[in-house]
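Each chain is listed here by its residues.
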Amino acid sequence: MLTNERLCRLHFTSRDLPRIRIEVEECAAAAGLGEPRRGEFVVAVDAVATNAVEHAGGTGRLVLRHLEGELECQVEDSGPGFSEDVIPELAPGVAGATAGRGLWLAKLVTDRLTVEPAGPGCGAVVTLAVRLPCG
């Protein structure tokens with residue numbers, strides 16, 4: 001498979017979340033990501049996409065790429081924006097954290113998770129990635 005290849009690009013709302021899970025799972029399998037990492041990656045992408053729908057404007061954009069040695073997904077929303085500081089260090093429910101369970105889980109099961117502004121004063125881009133097996 002070529003590197004730096006875009007595997008999937010979707011605009012989504014809440015009714016598209018099941019399709020996102022299927023698309024990401026199929027693309028991750030085709031890229032060579034095996035279980036249980038593939039399932040963890042799908043759960044992480046689903047958590048971030050669900051956050052975009054529920055907390056950031058009701059819609060989002062997803063781009064899944066096969067990069068050099070990893071599978072990367074970017075989820076962009078049009079909400080108020082946020083930073084990585086909102087992701088709890090401990091599991092939500094421990095030490096008083098009441099929110100952020102999806103982002104906490106996504107950060108826990110991926111090899112890389114970053115949050116950047118989507119544009120001036122509007123939205124966020126969450127990038128999550130997992131390393132692909134060699135060979």
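Below is a short write-up of the structure. (Residues numbered from 1 in each chain as written. Predicted model: local features only at pLDDT ≥ 70, side-chain atom pairs only at ≥ 80, totals over all residues. Heavy atoms only, no water.)

Applying the stated criterion across every chain, the model contains 11 salt bridges. Here Asp111 makes a salt bridge to Arg37, at a shortest N to O gap of 2.9 Å. Taken as a pair, Asp111 in the loop between helix 3 (101-109) and strand 4 (112-117) and Arg37 in helix 2 (residues 37-55) lie far apart in primary sequence, 74 residues in all. Exposure remark for Arg37: the relative accessible area of 25% places this residue in the partly exposed category. One salt bridge in this structure joins Glu76 and Arg61, with 3.4 Å as the shortest N-O distance. Linking Glu76 in strand 3 (residues 70-77) with Arg61 in strand 2 (residues 60-67), this pair joins segments that are 15 residues apart in sequence. Of the residues examined, Glu76 reaches a relative accessible area of 28% and is grouped as partly exposed. Residues joined in a network through salt bridges with shared partners are Arg37, Glu40, Asp111 and Arg131. (Salt bridge = Lys/Arg side-chain N within 4 Å of Asp/Glu carboxyl O. Helix = DSSP H or I, 4+ residues; strand = E, 2+ residues; numbered from the N terminus. Buried < 20%, exposed > 50% of the residue type's maximum accessible area, 1.4 Å probe, protein only.)

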